[in-house]
Amino acid sequence: MIYGLVIGYMKADLEEKLKYLDKFVPMIDNWAICDCCASTYKFTNKNLEEMFQYLQKYIKSSKEFELRFACIMLMDYYLTEEYFDKVLEIYNAIVSDKYYVQMGIAWGISVAFVKNEEKTSNFLESTKLDNFTYNKALQKIIESNRVSKEVKKELKKKKRK
């Protein structure tokens, strides 16, 4: 965890940070290290396109926590007007039966819903997500304190069997 956190706080240029990330990301072996460290990578905000390209190798990874890392980074830094649709497309394209990947996608979708209810609702209507991930996304949205009771009531009706 300390190694991953230092990357977020160290004074270094992007190229150097990416070298450390290349060593660190494959070492991630649980959700807490993944999520805590990703949240410190604020340097992403100043290097959005470079980091988006960097994340592509982890989006394509078959390793559970490398893929979760990409999902959480997308949630933390890319649910913006410029990248919103791309993030949902990426979430939709990921096929994984790994629990922590599915939960990362579900969490990302729930945050997306709060940021842009209309786009995320449209996404949920047409998504190819597996039933587990889809239902977990709905559950996380329903559990949110930032979603109205009326919307939660409608979402409960959309659960897949």
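Everything numeric in this text was worked out from a predicted model, so none of it was measured.

Caption draft 1: A look at the environment of leucine 55. Within the secondary structure, leucine 55 is located in helix H4 (residues 48–59). Discounting chain neighbours no more than four positions away, the residues touching leucine 55 are Phe69, Ala70, Met73, Leu74 and Tyr78.

Caption draft 2: View of the side chain of threonine 120. Here threonine 120 shows up in helix H8 (residues 117–126). For threonine 120, a relative accessible area of 0% puts it in the buried group.

Caption draft 3: Up close: the side chain of asparagine 92. Within the secondary structure, asparagine 92 sits in helix H6 (residues 84–93). We classify asparagine 92 as buried; its relative accessible area is 18%. If near-sequence neighbours (up to four positions away) are discounted, asparagine 92 is found in contact with Phe123, Thr127, Lys128 and Leu129.

Calculation criteria
Residues numbered from 1 in each chain as written. Predicted model: local features only at pLDDT ≥ 70, side-chain atom pairs only at ≥ 80, totals over all residues. Heavy atoms only, no water. Helix = DSSP H or I, 4+ residues; strand = E, 2+ residues; numbered from the N terminus. Contact = heavy atoms within 4.5 Å. Buried < 20%, exposed > 50% of the residue type's maximum accessible area, 1.4 Å probe, protein only.

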